[in-house]
Structure formats: structure tokens, C-alpha cells
Amino acid sequence: MTAPAAGAGGAIVVDGTGMLCVTLLLHLRKRIAGRPTGTTVHIVSTDPAAPLDLPAWCHLTGHDYLGPVPDPEGRDVYALRLAADPTPTRPDAPWHPVAG
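Residues numbered from 1 in each chain as written. Predicted model: local features only at pLDDT ≥ 70, side-chain atom pairs only at ≥ 80, totals over all residues. Heavy atoms only, no water.

A.B. asks: How should I be thinking about the pattern of salt bridges in this particular structure?
C.D. replies: Should their charged atoms come close, side chains of opposite charge can pair. Tallied over the entire structure, the rule returns 3 salt bridges. In this structure, D71 engages R75 in a salt bridge whose closest nitrogen and oxygen atoms are separated by 2.8 Å. Taking the relative accessible area as the measure of exposure, D71 reaches 13% and is therefore buried. Judged by its relative accessible area of 21%, R75 is partly exposed. One continuous salt-bridge network, built from bridges that share partners, spans D71, E73 and R75. (Salt bridge = Lys/Arg side-chain N within 4 Å of Asp/Glu carboxyl O. Buried < 20%, exposed > 50% of the residue type's maximum accessible area, 1.4 Å probe, protein only.)

Printed below as a string of C-alpha cells:
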């Protein structure tokens, strides 16, 4: 897979093609686990709800939603930056914070 053009240097790419929101977020969470604070993540998504769901999930967890980024292949790609101390969510439910 080709990385998006904007900000591709040092960014990781998570391909969520064909995934609906919950599956995409579960996959995303797995891919970003253990990555350093400040890492930029580009998410490729075909889910029409991604422009709403990704910023909402970032707000919930504390990651910085950076918005859509240009892609030379014309795919829908969104970016976020990993927070230092994100709010953990349940392993089976990325929309629910871990009860503490």
C-alpha cells in the first residue's frame, strides 16, 4: 500500500478499507498500541461514518484528530497524532472507556 503524500514521513498507515467503524477502531487500537507519543497515524477508510467517528473517538481517548489528508490515489485518508496518556477503552468496545 502506498502511504498518503501529506505527512508521510514517519507516519504509520492503518488500512481500514472495507471495515465498519467498530472493526476499524479495534484494528486501529491494535496498530497504535505501544507507539510513541506524537506519532502521526494515517487511517485509510471506506466507512462513510469515518469523518464523524474518528474525531469523536479521538475526543474520547485524548488523541489529536488532525483531519483529512490528501492522497495521491484518491482514497479517504484521515490523520491523528497519538496522545501521551490516552484514555483506555474496553477491549471489546472502543466507544466505552475502561471503568476505573
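A.B. asks: How do you make sense of the pairing of strand β1 (residues 12-16) when you look at a structure like this?
C.D. replies: Consecutive side chains along a regular strand alternate between the two faces of the sheet. In terms of residue burial, β1 counts as a mostly covered element, since 4 of its 5 residues are buried. Alignment of β1 against strand β2 (residues 40-45), held across 5 bridges, turns out to be parallel. Its bridge partner lying in β2, G16 is registered against S45. For the segment spanning β1, helix α1 (residues 21-32) and β2, crossover handedness is right-handed. (Helix = DSSP H or I, 4+ residues; strand = E, 2+ residues; numbered from the N terminus. Pairing = 2+ DSSP bridges. Right-handed = clockwise from strand over helix to strand, strands pointing away.)

A.B. asks: Can you help me understand the nonpolar core in this one?
C.D. replies: In summary, soluble globular proteins display a tendency toward joint burial of nonpolar side chains. By size, the foremost hydrophobic cluster in this structure holds 17 residues, and its most contacted members are L28, I32, V41, I43, L54 and L80. At the level of elements, β1, α1, β2, α2 (50-61) and β4 (77-81) are the ones that each hand at least two residues to this core. With 5 residues, α1 is the single largest residue contributor to this core. In terms of nonpolar packing, the next biggest core, distinct from the first, is built from 5 residues, V13, V44, V77 and A79 among them. (Core = buried A, V, L, I, M, F, W, Y, C linked by side-chain atoms within 4.5 Å.)

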